[in-house]
Each structure stands twice: as C-alpha cells, then as structure tokens.
Amino acid sequence: MDINEEMNTTNSNRAAEEWVSSHAASINPRYRLGYHLMPTVGWMNDPNGLVYFQGQYHAFYQHHPYSAEWGPMHWGHAVSDDMVHWRRLPIALVPGGTGDRDGCYSGSAVDDDGVLSLIYTGQVFHSGDIQPFNVDFTETQNLATSTDGIHFDKSSRNPVIAHAPKDNSRNFRDPKVWRHGGWWYGIIGSSTVDDDARALLYRSHDLREWEYRGAIAHSEGRVGQMWECPDFFEVDGSHVLLFSPVGMQAQGNRYRNVFQTGYLLGDFDYESSTLTHGTFEELDRGHDFYASQTLEAPDGRRICMGWMNMWQTPMPEQQDGWAGALTLPRELHVVDGTVRMTPIAELQSLRSGTVTECSAVVRDREILASLEANRCEILVSCEGITRSEMTGLSFDIGLDSPVTFTYDRSRGLLSLDRGGEDGVRAYECGTLDHLDLHAYLDNSSLEIFVNDGLATFTSRIYPAAPATLMMRTGDEGVRAKAVVYSLESIG
Ligand code: FRU
C-alpha cells in the first residue's frame, strides 16, 4: 500500500469512529440487547473473521456505521476473553480501495504466525448504485493484515484472487480460510453462469497466491441459486460444509425463511478435493439466523455465531438508529448424523441471580417468573409427557398474544409462534417423552435450545412490556423442574 492510500484509510477509520461516538446517545434503547454483540449505532449483518488470536477472541462483523440501513460495508470489530463479554475496538476495515471501493464484504480471519490476517471480498458496483441486491458488480478476494490485532493494512497485492473461474457467475464472495496439512485452504461462495450454487475450494502457501482446486459441492437445482458465507470444518470426525443458500422455496415446515442457513455433512478427501455428503439440513429452526460462521477455540471446541436477523424482513430497531445483532456463541457437535448447537458453558458467567427455582407437577399457564428486565436464562425440564396436549413455555411481553414455544406430541412438532404475519416456525422432531428447554431472552431476542441441541430456534421478538413467563401444558402428569436466572448486561 502506498503512503497516501494508508493515510486515507486511517482518516476514514477515524471519521467512522467519530461518527459512532457522536451518535451513540441518540439511540432509542427500547429494543437494545443486554448481552449480545450489536453495533453501537448503525447497521450490522454477518459475523466475519471469528478467530482466537494472541489470547483473545476476535469478532468482526459487516457494519454500516452511518445509518441503520445496509450501505457500503465496513468491518466492525470487538474482542473478548470468553466470547461472552465483548469490548468494541475501532472499525477494522473501511471500503474505498481500488478492489473494495463499494464495500468490504464478508470473510474470515486467521493467525498467520502472529499476523492477524483478514481475507475478505472486495465489492465494486459498476452502476454506482450501492444496493444489496444490485446485480451489476465485480467481487474479488482481498487481504488485510495486522500485528497488533487492531490496526489493519490492506495488502499491496490486492486483489489476491482477482477472477472467479470462467464458468462462474459474478457471485464470488465470502472466503473462509483455514489451515490443513501445511496449506491454507479457502472456500468461497458462488454460483455458475447457470445459477447452480456451489462452494469453490482454493489453496495457498502464503495467503497471497491462490490455486483453484474445484467446486466441492453443488446445489444441482435443489439447494438454492447462490451459496453465501460458506464455512468448512471437521467436528466429531465428520466434515461439515456450512453455508447460507439464497433462493430456496419453502416446503411445508422447512425453509420458511427468506434465506436459509444449513449444512451438508460428510467426508472430505483433501487429495482429490471431493466431499461425499448427505442432504442439506437447516441449522436453526427460528426466524432469524443467517450467514453463520465458526471458529476453533484453543481447547478444540467448534463455536458458531450467526447474524440474528433476516434479509428482506422488518427490523423494528431500524427506527431507533441501529439494526442487527449476532447470536450467542454455540458449541457444535455431530450427534446421530445431525449438527447440534448448544450454548457455550462460558455464558453461565452472565448469571446474576435466581428469579425462580421450582420442581413440581405443573399446571397450564402457571407463572414461572415476572421479569423486570427482559434479560434471563430459562432452564425447564419436563418429564412424563404422555398425552398429546401441548407442553412448553409462553412469554407474555405485552403484545396481542404471548410468544409461545410448544411441543405437540400428537404431531411430533416443536413450534415457536411469535405472533403476527408468518409468525410460526416448526420442526418435525418426532416423539419425545421428555423436553429440556434452555432459553435465553435478551429483550428483543429469544434463543431456545431443545434437548441438547436436537433443535434450536432463534428469533427476534419486540416487547411492549416486561415479560411474564408461563408454563404451558394440557398434560396433567407432566413433572417440571424450572430455574430462571437473571442475566447481567455486558454494557
Ligand atoms: C450475507 C451477505 C454476504 C455478503 C454480505 C454483504 O448476508 O449477503 O454474501 O458478503 O452479506 O453485506
């Protein structure tokens, strides 16, 4: 990078920071979250560059500081000792270079022998119309590095991948990079000229020269027209290709969001670059989970975070000067051929008191807790579900009807109903005799983990009042144990 370019980048980073601090006080707090990562002001979408570097976890994210709308993408930045308590750092990437004039799109981060290296997509719109769904663009892959983990220099070698393969459409973005067998590997989301979504594999010795190894999986008309934000990793002896397909049609209770996030599970052969895999499965069953990314913690755990909103759906917090949040970090495991998510153990450090603790035969609509701040963790374990009536929880948050989460044994169906148009998301889980619910309410978000990750539902909800939590059951024999903890805010 020549010195003038470096100066400009630094000035733009500073301008963005000044804007953020001078506008922070103007935010309406009514829907703000207490213990999730969200922007101080402005817009956030995908998690980017999740990585453990020199003793801390780093999370970057797609960010437009200047309004609560998507715009020229910056990379916001935060660090944490435990993935729970986050401290914001200065904006890491600002668009404006030759290859990333109109946006620094999603990507990943690696520790390259003490250099924190970001590999991201540079976006240029030819018509000058910077819109998320404008199709007249060029996407290239770029590198930025830092030795202090705070200030980043864009590489003078950018773009490090200038062209997609010849049979590719313009969609060529969201590189996720990892180390294997002495090489850096990268997977990139794309589609062919015929709109067949696919994930492209590259490899490199130095993060600068990249060799194309082929597509490791295709949609073949079944899994959408473009795969965004691919990720690839091994967990519990299986290879997982995680991605967010665009353009899938709803089928009954499946794929009901505008866009999906899910995975193919299988075996990967690095020699031949082939992935033998099963069918596409959604990773989360709620309304608001997209563009997830994972990191490997130093103890080997595979941790996943997603964007807790959905494209092209209302985001009421936009009226308040901000939009978007990341989900809680979840630990991934493969159990019985499916990928399961459970909240990381570190989240227990948020507990600031016990609101309720009970162990009883429960009655329908029995009140478990009335909250002052809508910030809590709920653990409910139900045994003896033998009849067909619904069992679960409801959250009265002052809306026309309470938000309910229930298991219907007669239909083998778990469902979350947040009310309003298109309010229901459901998962066909089959017959369960017990139900363990582990839920996190954080004012305008609800994340529910069922039976150790058998299903997870993540949805935004917008309260009009402090919440009252109630048990739901028509089954008189159900014995429930419940604990509700109040959680602290991370500030
Ligand atoms: C996914 C996505 C990515 C892109 C980014 C732009 O939500 O569309 O494909 O890099 O958002 O902000």
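Every chain begins its residue count from 1, and numbering advances along the sequence as written. Local features in this predicted model are restricted to residues of pLDDT 70 or higher, and side-chain atom pairs are both shown and tallied only at a pLDDT of 80 or more, whereas totals for entire chains, interfaces and linings draw on every residue. Note that water and hydrogens are dropped before the side-chain values are worked out from all heavy atoms of the structure.

Novice: It is not clear to me how the nonpolar core should be interpreted in this structure. Could you clarify?
Specialist: The nonpolar side chains of a soluble globular protein tend to be buried, and buried together. As used in this record, nonpolar core signifies buried Ala, Val, Leu, Ile, Met, Phe, Trp, Tyr and Cys residues forming a set joined through side-chain atoms within 4.5 Å. Think of it in three bands: with a 1.4 Å probe and only protein chains considered, a residue is buried below 20% of the maximum accessible area for its type, exposed above 50%, and partly exposed in between. The biggest cluster of nonpolar side chains holds 39 residues, and the ones touching the most others in it are Trp 86, Val 240, Leu 283 and Val 339. Counting residues in hydrophobic clusters, the runner-up holds 37 residues, among them Ala 369, Leu 435, Val 450 and Ala 482.

Novice: It is not clear to me how the side chain of Asp 442 should be interpreted in this structure. Could you clarify?
Specialist: In DSSP terms, a helix is any run of H or I states spanning at least four residues, a strand is any run of E spanning at least two, and both are numbered starting from the N terminus. Mapped onto the fold, Asp 442 is located in strand S30 (residues 435–442). Despite its burial, Asp 442 pairs with no opposite charge, the nearest such side chain being Arg 375 at 5.2 Å. Whether two residues touch is decided by their heavy atoms; if any such pair falls within 4.5 Å, the residues are in contact. Excluding its chain neighbours within four sequence positions, the residues that come into contact with Asp 442 are Leu 33, Gly 34, Tyr 35, His 36, Asn 374 and Arg 375. Here Asp and Glu are counted as negative and Lys and Arg as positive; His is not counted, and neither are the chain ends. For salt bridges, the criterion is a side-chain nitrogen of Lys or Arg within 4 Å of an Asp or Glu carboxyl oxygen.

Novice: Got a minute to help me understand the sheet that holds strand S9 (residues 168–180) in this structure?
Specialist: Where strands meet in a sheet, backbone hydrogen bonds hold them as pairs that are either parallel or antiparallel. Two strands pair if DSSP finds at least two bridges between them. Reading across the sheet, the 4 strands line up as S9-S10-S11-S12 and stay open at both edges, with antiparallel pairing between neighbours. Of all strands in the sheet, those bounded by a partner on one side alone are S9 and strand S12 (210–218). With direction set aside, neighbouring strand axes in the sheet form an average angle of 25°. In this structure, S9 lies alongside strand S10 (residues 183–192), joined through 8 bridges in antiparallel fashion. What sits directly across from Arg 173, in S10, is Gly 189. Between N-to-C directions, angles cover 0 to 180 degrees, with each direction set by a line fitted to C-alpha atoms, over the stretch in contact for helices.

Novice: How should the site of the ligand be read in this particular structure?
Specialist: Taken together, Asn 45, Asp 46, Gln 62, Trp 70, Met 73, Tyr 105, Ser 106, Arg 173, Asp 174, Glu 228, Tyr 290 and Trp 311 make up the full set of residues near the ligand. At 3.1 Å from an oxygen atom of the ligand is found a side-chain nitrogen or oxygen belonging to Asn 45. Two N or O atoms count as a polar contact when they lie within 3.5 Å, although within protein this holds only if one can serve as hydrogen donor and the other as acceptor, and sequence-adjacent residues are included solely when both atoms are side-chain atoms. In this structure, Trp 311 approaches the ligand through a side-chain N or O atom, which is 2.9 Å from an oxygen atom. In these tables, accessible area is a Shrake-Rupley quantity obtained with a 1.4 Å probe, and a residue counts as shielded only by the protein chains included in the view. Calculation on the ligand without its partners gives an accessible area of 320 Å², and the protein chains cover 96% of this total. At the level of elements, strand S1 (42–53), strand S5 (103–112) and S9 are the ones that each hand at least two residues to the shell around the ligand. Charged residues are taken to be Asp, Glu, Lys and Arg, nonpolar residues to be Ala, Val, Leu, Ile, Met, Phe, Trp, Tyr, Cys and Pro, and polar residues to be all remaining types, Gly included. Counted by class, the shell around the ligand contains 5 nonpolar, 3 polar and 4 charged residues. Here a residue is considered near a molecule or strand provided that any single heavy atom belonging to it is located within 4 Å of it.

Novice: What's the story with the sheet that holds strand S7 (residues 137–146) in this structure? I'm lost.
Specialist: Pairing within the open sheet is antiparallel, and its 4 strands lie in the order S5-S6-S7-S8. With partners counted over all chains shown, the strands left at the sheet margins are S5 and strand S8 (153–154), one partner each. Summarising the sheet, S7 and S8 pair through 2 bridges and their orientation is antiparallel. If you follow Thr 145 over to S8, its bridge partner there is Asp 153.

Novice: Hey, could you run me through the pairing of strand S19 (residues 302–307) in this one?
Specialist: The side chains of a regular strand alternate between the sheet's two faces. Of all the 6 residues making up S19, 6 are buried; the element is thus mostly covered by neighbouring parts of the structure. Alternating residues of S19 divide into Arg 302, Cys 304 and Gly 306 and Ile 303, Met 305 and Trp 307, and every residue in both groups is buried. Bridge count between strand S18 (residues 290–296) and S19: 5 bridges; the pairing is antiparallel. Looking at S19, one finds that Tyr 290 is bridged to Trp 307.

Novice: What should I look at first to understand the domain arrangement of the protein chain in this one?
Specialist: The parts lose accessible area when they come together, and the size of an interface is often stated as this lost area. The domain boundaries assigned to the protein chain delineate domain 1 (3–339) and domain 2 (346–487). Between the C-alpha centres of domain 1 and domain 2 there is a distance of 31 Å. With 34 residues of domain 1 at the contact, the number on the domain 2 side is 33 residues. Buried area: the accessible surface (1.4 Å probe) lost by two parts on joining, summed over both. Taken over both partners, the interface formed by domain 1 and domain 2 buries close to 2800 Å², and the fraction arising from carbon and sulfur atoms is 51%. The three residues of domain 1 that bury the most area against domain 2 are Tyr 35, Arg 285 and His 287, which together make up 29% of that side's buried surface. Connecting domain 1 to domain 2 are 4 salt bridges. For Glu 317, the salt bridge goes to Arg 460, with nearest N and O atoms at 3.1 Å. Summed over the shared surface of domain 1 and domain 2, the result is 29 residue pairs in polar contact (both at pLDDT 80 or more). In this entry, domain limits derive from an automatic or database-based domain assignment.

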